[in-house]
Amino acid sequence: CDVTNDGIPLQSKCIDTVFTNPPFGTKHNAGIDVQFLYTATRLARRAVYSFHKSSTRDFLIKKCRDEWKLNAQVVAQMKFDIPNMYKFHTKKSVDVDVDLIRVSWPETTNH
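Keep in mind that what you see is a predicted model, and the values were worked out from it rather than measured.

Enquirer: Quick question: what am I supposed to make of the pairing of strand S4 (residues 93-104) here?
Expert: On a regular strand, one side chain projects to one face of the sheet and the next to the other, so that they alternate. Pairing between strand S2 (residues 44-53) and S4: seven bridges, direction antiparallel. Its bridge partner being in S4, Val48 is matched across the sheet by Val103. Direction of pairing for strand S3 (residues 71-83) relative to S4: antiparallel, over a ladder of twelve bridges. Directly across from Ile82, in S4, lies its bridge partner Val94.

And the structure:
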């Protein structure tokens, strides 16, 4: 079993396509969205579709392409209405600009 320290007890490349809606990685959990995306790329054989704040688009695309050597592109843009769910939320709801990012492997790579 190829289990890494990401806490997911599944073999690498054991799922065709992964869809993920990670926490946005703000305030109390900075960087968690990148951890979700990285784990999704470990698990997926073909592609990952992941929701992220549009404000992090350039950072995530660069990380996927330059550091992880993966293809990455925004396939949809939308707004998420985030309701007041936690004590640290101060507004009734907030509309957040969100991208759906598709991550895949270069055709010539045997991953």
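Still more to cover.
Enquirer: What am I meant to see in a nonpolar patch on the surface here?
Expert: Side chains of Met85, Tyr86 and Phe88 sit close together on the surface and give an oily, nonpolar patch of about 330 Å² of accessible area. Among the structural elements, Tyr86 can be located in the loop between S3 and S4.

Enquirer: What exactly am I supposed to notice about the nonpolar core here?
Expert: One recurring pattern in soluble globular proteins is that nonpolar side chains are buried together. Ranked by internal contacts, the top residues of the largest apolar core, which has 16 residues, are Leu37, Val48 and Val103. Broken down by secondary-structure element, the contributors of at least two residues to this core are helix H1 (32-43), S2, helix H2 (57-67) and S4. The residues touching Val103, leaving out its near neighbours within four places in the chain, are Leu37, Thr41, Arg46, Ala47, Val48, Cys64, Leu70, Asn71 and Ala72.

Enquirer: I would appreciate a short explanation of the pattern of salt bridges in the present structure.
Expert: When charged atoms on two side chains of opposite charge get close, those side chains can pair. Inspection of the entire model under this criterion finds seven salt bridges. The partner of Asp16 in a salt bridge is Arg45, with the nearest N and O atoms 2.8 Å apart. You can see Asp16 sitting in strand S1 (residues 15-20) and its partner Arg45 sitting in strand S2, a full 29 residues away along the chain. What makes Asp16 partly exposed here is its relative accessible area of 34%. Judged by relative accessible area, Arg45 falls into the partly exposed class, the value being 36%. A salt bridge links Asp97 to Lys79, with the shortest nitrogen-to-oxygen separation between them at 2.6 Å.

Rules of the game
- Residues take numbers from 1 onward in each chain, read along the sequence in its written order.
- This being a predicted model, a pLDDT of at least 70 is required before a residue's local features are given, and a value of 80 or more before pairs of side-chain atoms are given or counted; all residues contribute to the totals for chains, interfaces and linings.
- With hydrogens and water stripped out, all remaining heavy atoms of the structure feed into the side-chain values.
- Here the rule is simple: two strands pair whenever DSSP picks up at least two bridges between them.
- Elements are defined by DSSP. Helices are runs of H or I of four residues or more, strands are runs of E of two residues or more, and each kind is numbered from the N terminus.
- Residues form patches when they are more than 30% accessible in relative terms and have no salt bridge. Like charges link within 9 Å. Nonpolar side chains (Val, Leu, Ile, Met, Phe, Trp, Tyr) link within 5 Å.
- Only the protein chains shown count as cover for residues, with accessible areas throughout obtained via the Shrake-Rupley method and a probe of 1.4 Å.
- Here, a salt bridge means any side-chain nitrogen of Lys or Arg that lies within 4 Å of a carboxyl oxygen of Asp or Glu.
- The definition of a nonpolar core used throughout is a set of buried Ala, Val, Leu, Ile, Met, Phe, Trp, Tyr and Cys residues joined through side-chain atoms within 4.5 Å.
- Remark: exposure states derive from per-residue accessible area (1.4 Å probe, protein chains only) relative to the maximum for the residue type, with buried under 20%, exposed over 50%, and partly exposed in between.
- Every residue pair with non-hydrogen atoms within 4.5 Å of one another is taken to be in contact.

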